[in-house]
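Residue strings, one per chain:
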Amino acid sequence: MEQEFDRLVLIFETAERHWIAKIIPDNDIKNILSHYEIQSTNIRIEEIKNYLMMVRMNQNTQPQHQSQSFNILRQKLQDLNDLISKFSFRLKENVIFHFSRSSE
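Residues numbered from 1 in each chain as written. Predicted model: local features only at pLDDT ≥ 70, side-chain atom pairs only at ≥ 80, totals over all residues. Heavy atoms only, no water.

*Asks:* Help me understand the pattern of salt bridges in this model?
*Replies:* Per the counting criterion, the structure on display carries six salt bridges. The residue Asp 26 makes a salt bridge to Lys 30 at a minimum N-O spacing of 3.4 Å. Here Asp 26 and its partner Lys 30 are both found in helix α1 (residues 2–30), four residues apart, which amounts to about one turn of the helix. Owing to a relative accessible area of 37%, Lys 30 belongs among the partly exposed residues under this scheme. In this structure, Glu 46 and Lys 49 form a salt bridge, with 3.3 Å as the shortest nitrogen-oxygen distance. Residue Glu 46 and its partner Lys 49 are both found in helix α2 (residues 35–58); the two are separated by three residues, about one turn of the helix. (Salt bridge = Lys/Arg side-chain N within 4 Å of Asp/Glu carboxyl O. Helix = DSSP H or I, 4+ residues; strand = E, 2+ residues; numbered from the N terminus. Buried < 20%, exposed > 50% of the residue type's maximum accessible area, 1.4 Å probe, protein only.)

*Asks:* Looking at this structure, how should I read the environment of Phe 70?
*Replies:* Secondary-structure assignment places Phe 70 in helix α3 (residues 66–90). For the pair Phe 70 and Phe 5, spaced 65 residues apart in sequence, the C-alpha separation works out to 7.3 Å.

*Asks:* Sorry if this is basic, but what is going on with the nonpolar core here?
*Replies:* Nonpolar side chains in soluble globular proteins tend to be buried together. Core analysis: the largest hydrophobic core is formed by 23 residues, its most contacted members being Trp 19 and Leu 73. Elements that contribute at least two residues to this core include exactly α1, α2 and α3. Tallying contributions element by element places α1 first for this core, with eight residues. Setting aside anything within four residues of it in sequence, one finds Leu 73 in contact with Phe 5, Leu 8, Ile 48, Tyr 51 and Leu 52. (Core = buried A, V, L, I, M, F, W, Y, C linked by side-chain atoms within 4.5 Å. Contact = heavy atoms within 4.5 Å.)

*Asks:* Help me understand the packing of α1 against α3, please; the structure alone is not making it clear to me.
*Replies:* For any two helices packed against each other, the geometry is given by the interaxial angle and the distance between the axes. Close contact between α1 and α3 brings their axes to 11 Å; oriented N to C, the two are set at 25°. Classified by the angle their axes make, α1 and α3 are roughly parallel. The crossing of α1 and α3 is left-handed. Together, Glu 4, Phe 5, Arg 7, Leu 8, Ile 11, Phe 12, Ala 15, His 18, Trp 19 and Ile 23 of α1 and Phe 70, Leu 73, Arg 74, Leu 77, Leu 80, Ile 84, Phe 87 and Ser 88 of α3 make up the contact between the two elements. Of the residues in the contact of α1 with α3, the class split is 13 nonpolar, two polar and three charged. (Axes fitted to C-alpha atoms, helices over the stretch in contact; angles between N-to-C directions. Parallel < 35°, antiparallel > 145°, perpendicular 65-115°, else oblique. Left-handed = near helix turned anticlockwise from the far one by under 90°. Nonpolar A, V, L, I, M, F, W, Y, C, P; charged D, E, K, R; others polar.)

*Asks:* Hey, could you run me through the side chain of Asn 27 in this one?
*Replies:* Take Asn 27: it is sitting in helix α1. Only 2.6 Å separates the side chain of Asn 27 from the backbone nitrogen of Leu 33, close enough to count as a polar contact. When residues no more than four places from it in sequence are discounted, the contact partners of Asn 27 are Ile 32, Leu 33, Ile 38 and Leu 91. (Polar contact = N/O pair within 3.5 Å; in protein donor to acceptor, adjacent residues only side chain to side chain.)

*Asks:* Help me understand the packing of aromatic side chains, please; the structure alone is not making it clear to me.
*Replies:* For any pair of aromatic rings, the description consists of the separation of the ring centres together with the inter-plane angle of the planes. Applying the stated criterion to the full structure yields two aromatic pairs. Centre to centre, the rings of Phe 5 and Phe 70 are 6.0 Å apart; their planes meet at 25°, and the pair counts as stacked. Here Phe 70 lies in helix α3 and Phe 5 lies in helix α1, a separation of 65 residues in the sequence. The two residues Phe 5 and Phe 70 agree in class, both being buried. Aromatic pair Trp 19 and Phe 87: ring centres 5.9 Å apart, planes at 40°, arrangement tilted. You can see Trp 19 sitting in helix α1 and its partner Phe 87 sitting in helix α3, a full 68 residues away along the chain. As far as burial versus exposure is concerned, Trp 19 and Phe 87 are alike and both buried. Cation over ring: Lys 76 sits above Tyr 51, and NZ or CZ is 5.3 Å from the ring centre. (Phe/Tyr/Trp six-rings, centres within 6.5 Å; stacked < 30°, edge-to-face > 60°. Lys NZ or Arg CZ within 6 Å of the ring centre and 35° of its normal.)

Just geometry here; none of it tells us what the structure is for.
Pasting the structure below:
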């Protein structure tokens, strides 16, 4: 389970980096995304960070809930990925963030 958690953290960090380093600066130039879209995505990223901390803290204390927590985390990451991919497309970027559901 620890490897799965590390994989999910890596997926999140990649998505967050893409958001900060590529989409936000690109949008600053093209001004396509609305203020609401940017703010709601920033909030979603913060919610995932908080959820990651909660899962990390509960890994040792509640191992019976790990599977459910990982499924919730996978869904949150998939939703973020879908949003970032949609924004990338709207900004006409060539980079598409890939999320594998193979471990679900």
